[in-house]
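# Topology and contacts: notes
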Amino acid sequence: MDIYYLDGKFVTEDNAMISARDLIVLRGFGVFDFLITYNKRPFHLKDHVQRLENSAAEIGLTLTHTGAEICDIVEETVRRNTHHNESNIRIVYTGGVSSDGLIPEGNGKLMVMVTPKRKLPGSWYTQGAKIITLDIERFMPGAKSTNYLTAVWAVRQARRQEAIEAVYVDRNQRILEGTTTNFYFFEHNKLVTTHSDILPGITRSVILDLMKDHFEIELRDIAKDEIKSMKEVFISASNKEVVPVIRINDTVIGDGKPGPGTRKVMQIFRAYTTAYGQGIP
Ligand SMILES: Cc1ncc(COP(=O)(O)O)c(C=O)c1O
């Protein structure tokens, strides 16, 4: 059985209980962050905890742990799940119980869930995947709030169209990001990704840092209209890493195969995560 941390204790997954009166249950008011391990080492833990703190500040949720305390608790929870080969880590901070069921009172609870990492279909990486676009905007996109109503709705639409992800398009016809991924394309030898009104992905920041020596990088608005001329597209996320996209809605991207730029990103990112698992840097 998996071991979770919940409000000061390590408990088995079946014993991880929070109040039905917690605002996270009643109102979807809470924040979380998600990361995975490489060789049992949590990937960029400090960055994920920093983003959790930013998310909390943005939605107005008071955290009663410091970032360093949260990092220590995550490391300890991973150590207590020795039966995992690699883990998914979900750090959740609840809104807490509120006397009027609406206004937070600063008594949120920290929960760290460590579960086995799931393997994703190999064909996504070798053959590429289909995604769709949907006209939806997220409220407070810079915060990783536990309210994923848009994502649950959007991914279901995607699955019905045999796509693995949906990307949000805003009222100005800009492509923003996927439900749990960031979006990129190549314009000749230039790597382009969106710069605003998105969740700043940790994978995205690692990729941009690694790629600056290999490609010109441009952070800018991406118009939905540009899809028809895109030659290479990929998405990134902590659990999915780098996934080549070969179809958006009914448009085939490039020649319908993962292109050389994307393959280079995948290869360099893989080398980096392997080194990271070995303790470098
Ligand atoms: C809305 C959204 N955008 C982007 C991402 C990718 O972020 P990361 O690379 O940190 O996993 C996520 C991750 O879940 C997300 O929920």
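Residues numbered from 1 in each chain as written. Predicted model: local features only at pLDDT ≥ 70, side-chain atom pairs only at ≥ 80, totals over all residues. Heavy atoms only, no water.

Moving on to the overall build of the chain. What the chain contains, in helices and strands, is 7 helices and 16 strands. Against the globule reference of 19 Å for 281 residues, the chain gives a C-alpha radius of gyration of 19 Å, in line with a compact fold. On the principal axes, the C-alpha backbone points of the chain span a range of 55 × 45 × 30 Å. Residues counted as buried form 53% of the 281 residues belonging to the chain. Counted over contacts in the chain with a minimum sequence separation of 6, partners at least 24 positions apart contribute 70%. In the form shown here, the chain has an accessible surface area of approximately 13,700 Å², with 51% of it arising from carbon and sulfur atoms. If you average the places of the 35 positive and of the 35 negative side-chain charges in the chain, the two averages end up 5 Å apart. (Helix = DSSP H or I, 4+ residues; strand = E, 2+ residues; numbered from the N terminus. Rg over C-alpha atoms; globule rule 2.2 N^0.38 Å. Buried < 20%, exposed > 50% of the residue type's maximum accessible area, 1.4 Å probe, protein only. Contact = heavy atoms within 4.5 Å. Areas by Shrake-Rupley, 256 points an atom, 1.4 Å probe, with all protein chains shown as cover. Lys, Arg positive; Asp, Glu negative; His and termini not counted. Charge placed at Lys NZ, Arg CZ, Asp CG, Glu CD.)

What follows is about unusual backbone geometry. The omega torsion of the bond from I280 to P281 falls at -5 degrees, within 30 degrees of zero and hence cis. Turning to its location among the elements, P281 is positioned in the segment after α7 (260-277). For Q173, which is not a glycine, the phi torsion comes out positive at approximately 65 degrees. Among the structural elements, Q173 can be located in the loop between β8 (165-169) and β9 (174-178). In this structure Q173 comes out as partly exposed when scored by relative accessible area, which is 37%. The backbone of E241 sits at a positive phi, close to 60 degrees, despite the residue not being glycine. You can see E241 is positioned in strand β15 (residues 241-248). Among the residues examined, E241 registers a relative accessible area of 11% and is labelled buried.

In this section: the site of the ligand. In the vicinity of the ligand lie 17 residues, with K144, Y148, E177, T203 and S238 positioned nearest. Taking Y148, its side chain carries an N or O atom lying 2.5 Å from an oxygen atom of the ligand. In the environment of the ligand, a nitrogen atom lies 2.8 Å from a nitrogen or oxygen atom belonging to the side chain of E177. Here the ligand has 390 Å² of accessible area as a free molecule, and 97% of this is covered by the chains. Of all the secondary-structure elements, those providing two or more residues to the shell around the ligand are α2 (45-59), β9 and α6 (202-211). Among the residues making up the shell around the ligand, the classes are represented as 4 nonpolar, 9 polar and 4 charged. (Near = heavy atom within 4 Å. Polar contact = N/O pair within 3.5 Å; in protein donor to acceptor, adjacent residues only side chain to side chain. Nonpolar A, V, L, I, M, F, W, Y, C, P; charged D, E, K, R; others polar.)

Take a nonpolar patch on the surface next. There is a patch of nonpolar side chains on the surface, built from I18, V25 and L26 and spanning about 240 Å² of accessible area. As for its placement among the helices and strands, V25 is situated in helix α1 (residues 23-26). What makes V25 partly exposed here is its relative accessible area of 48%. (Patch = residues over 30% accessible without salt bridge, like charges linked within 9 Å, V, L, I, M, F, W, Y side chains within 5 Å. Salt bridge = Lys/Arg side-chain N within 4 Å of Asp/Glu carboxyl O.)

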